[in-house]
Amino acid sequence: MQTLGATAPTISIETVYGQHHDWLRSWLCRRLGNASDAADLAHDAFLRLMLKPASRGFASHGEARGYLRTMANGMCINLWRRREVERAWLDTLAARPQEHAPSAERQAMILEALNEISAMLLELPPKAARAFFLAAACQLTDREAAEELGISPRMVRKYVARGMLRCMQLQARETLDALHGTD
Amino acid sequence: MGHASEPSHESLEQAAEWYALLRSEEADAGDRERWQAWMAAAVEHRRAWGYVESVSRHFATLQTTPDPRGTAEELWKANDRVMQRRRALGSLVAVVGIGLAGWLTWRSTPLPYLTRTRNADYRTATGEIREIALPDGSRVWLNTATAIHEAYDARYRTLSLIEGEILIDTASDPSRPFVVETPQGRLRALGTRFTVRRRGESSELSVHAGAVEIATQSGAWNVVPAGRRTRFTHDGIAPLAPTDSAREAWSRGVLIVEDMRLGELVEELRRYRSGHLGLSPTVADLKVFGSFPIDDTDATLDMLASALPIRIQRRLPWWVSIEPQADSD
């Protein structure tokens, strides 16, 4: 009956929610192996979708699922990454004498910073990531970093600029998202 | 609204180059002057530099840790683990579906090490009470007409209460929290013994030992200590009330009541019976004390009949009514 429509009818988010929430939840549960994480992420996914709908809407339920799946995959990686970072930080802390441990508030701040850094580094191409990491996180000079990487100091500087630019773009995107109520 | 004031790609790029130059050994006083001039030249430049600052702030925080270099290297290793996993999986999984944006699509891989989960479902019929030993040594009792889903993984021990009521006696495992989920919220055991019951749009919690933390779907939060019970919905948590061990007696097949209205007791008994159990309103307010065998509700009814001015009318096997005792005849 509707075969002649030139533009496909779009599906509302309410419909997407009604039809795909349970599916997404069990899909996430299979991947994460954990019902509560799955429930959290499914909830977040729809929250994001409501705050920042897909630009063209969804022409079909298959497309909606594809979109949700892609988004959910990114969220899974992110969840997993945060846990790796947390583990790394706890390992570092455990290796130090207890009395030098920062306060709980301080630790929360540090963990948040480490999370940001980790997310930024993952967005960089591998070589730029390492160069930027040595410069910004380990505070090596260009010459020291160059030695470690077996490249020229000039090249290090180039990587550092590229790394910084990418991080700035990510920060800009986060700021925009925050302005528009996501996050 | 935010878009108009966003710095251009060109400004961001220049700011990043200034950063790379200024931090290098090559930068001299002349460079710093030129940088100042660049900053002064346009609002957009200052805004772009603002992003350099916000990125740098995170790295500055890292420098305040007791061992910045060690922390940084641990962080690098953590990222390595994420990347390796992502890469290894990328080749195994064909990604179907449209991308959010280019940068998102390549992340589309499941996490097999996290999916190594034990999943199981348990269910009791009406009138059945069952004890189950969980893989970590915790024990759970399913009351009548109850269904749970068990999902244990490396991080959490999770039970979802689908319907009915459970009593849990958790085994200690500091590295893996024990969590019970209901549609209204999530309970986290803090070393403990507690019952959870689903009742329509709310859930009830009674804590018999230890303590349990509640977080509702809407974000309400509380910790319930031993000897207290509460009810929570999606939106909130009721004030705590006292509880006692009578509330877990069902796990031993016993129903203990003290000063309970007959109407309320019958309500309880109905959970364990599949047929109809009627109650005449004229006797609903009688008070009941005692302990009754919950796995034999017919016997319970007879016990009630011998203690109260009531009689049990068995009209059909599945249709039983509690009536006032016939006037002395």
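Thresholds, definitions, all that
- Residue positions are counted from 1 within each chain, in the order its sequence is given.
- Chain letters and ligand numbers both follow the written order, the letters beginning at A and the numbers at 1.
- pLDDT decides what is reported in this predicted model: residues at 70 or higher carry local features, side-chain atom pairs at 80 or more are listed and counted, and totals for whole chains, interfaces and linings draw on all residues regardless.
- UniProt positions are given in the numbering used here, feature names are shortened, and annotations may be inferred rather than shown by experiment.
- Where helices and strands are cited, they refer to DSSP runs of H or I of at least four residues and of E of at least two residues respectively, numbered from the N terminus.
- Each residue is classed by its C-beta neighbour count within 10 Å, where at least 20 other C-beta atoms makes it buried, 12 or fewer makes it exposed, and intermediate counts make it partly exposed; the C-beta atoms are placed from backbone geometry.
- Each residue gets a C-beta atom placed from its backbone, and two residues are in contact if those atoms lie within 7 Å.
- Each nonpolar core reported here comprises buried Ala, Val, Leu, Ile, Met, Phe, Trp, Tyr and Cys residues connected via C-beta atoms within 7 Å.
- To obtain each axis, a line is fitted to C-alpha atoms, and for helices this fit is confined to the stretch in contact; angles are then taken between N-to-C directions over 0 to 180 degrees.
- Convention used here: angles under 35 degrees read as roughly parallel, angles over 145 as roughly antiparallel, angles from 65 to 115 as roughly perpendicular, and any remaining angle as oblique.
- Helix crossings get a hand from a simple test, with the near helix turned counterclockwise from the far one by less than a right angle marking a left-handed crossing and a clockwise turn marking a right-handed one.
- Classification convention: Asp, Glu, Lys, Arg as charged; Ala, Val, Leu, Ile, Met, Phe, Trp, Tyr, Cys, Pro as nonpolar; all other residues, Gly among them, as polar.

The name that an unreviewed UniProt entry assigns to chain B is FecR family protein, with the source organism given as Billgrantia gudaonensis.

As named in an unreviewed UniProt entry, chain A is RNA polymerase sigma-70 factor, ECF subfamily, taken from Billgrantia gudaonensis. Its UniProt record gives chain A a comment under Sequence similarities (unreviewed entry), which states: "Belongs to the sigma-70 factor family. ECF subfamily."

Student: What exactly am I supposed to notice about the overall build of chain A here?
Tutor: Looking only at helices and strands, chain A features seven helices and zero strands. Going from the N terminus to the C terminus, chain A shows its helices and strands as α-α-α-α-α-α-α. Burial status across chain A gives 39% buried among its 183 residues. Partitioning the contacts of chain A with sequence separation of at least 6, the portion at a separation of at least 24 is 61%.

Student: For this particular structure, what's the right way to read the nonpolar core?
Tutor: Within soluble globular proteins, side chains that are nonpolar tend to cluster in buried spots. Counting 70 residues, the largest nonpolar core has Ala72, Phe132, Met164 and Met168 of chain A together with Ala15 and Ala16 of chain B as the members making the most contacts within it. Contact partners of phenylalanine 132 of chain A, with chain neighbours within four places excluded, come to Leu124, Tyr159, Val160, Gly163 and Met164 of chain A. Formed by 24 residues, the second largest nonpolar core is a distinct cluster that contains Leu142, Ile148, Leu187 and Ile237 of chain B.

Student: Honestly, the packing of helix H5 (residues 126-137) of chain A against helix H6 (residues 142-149) of chain A in this entry has me stumped. Any pointers?
Tutor: Each packed pair of helices is defined by two parameters, the angle between the axes and the distance between the axes. All names here are of chain A. Where H5 contacts H6, the axes come no closer than 9 Å and their chain directions differ by 140 degrees. One finds that H5 runs oblique with respect to H6. Crossing geometry of H5 relative to H6 is assigned as right-handed. Across the interface between the two elements, Arg130, Ala131, Leu134 and Ala135 from H5 touch Ala145, Glu148 and Leu149 from H6. Tallied by class, the residues present in the contact of H5 with H6 amount to five nonpolar, no polar and two charged.

Student: Please explain the interface of chain B and chain A as it appears in this structure.
Tutor: By a frequent convention, interface size equals the accessible area lost on bringing the separate parts together. Contacts between the two partners involve 63 residues from chain B and, on the opposite side, 57 residues from chain A. Among the secondary structure elements, those contributing two or more residues to the side of chain B that touches chain A are helix H1 (9-23), helix H3 (43-63), helix H4 (68-90), helix H5 (102-105), strand E4 (147-152), strand E5 (157-163) and strand E7 (178-182) of chain B. The biggest single contributor to the side of chain B that touches chain A is H4 of chain B, with 14 residues. When its residues are assigned to classes, the side of chain B that touches chain A shows 27 nonpolar, 19 polar and 17 charged.

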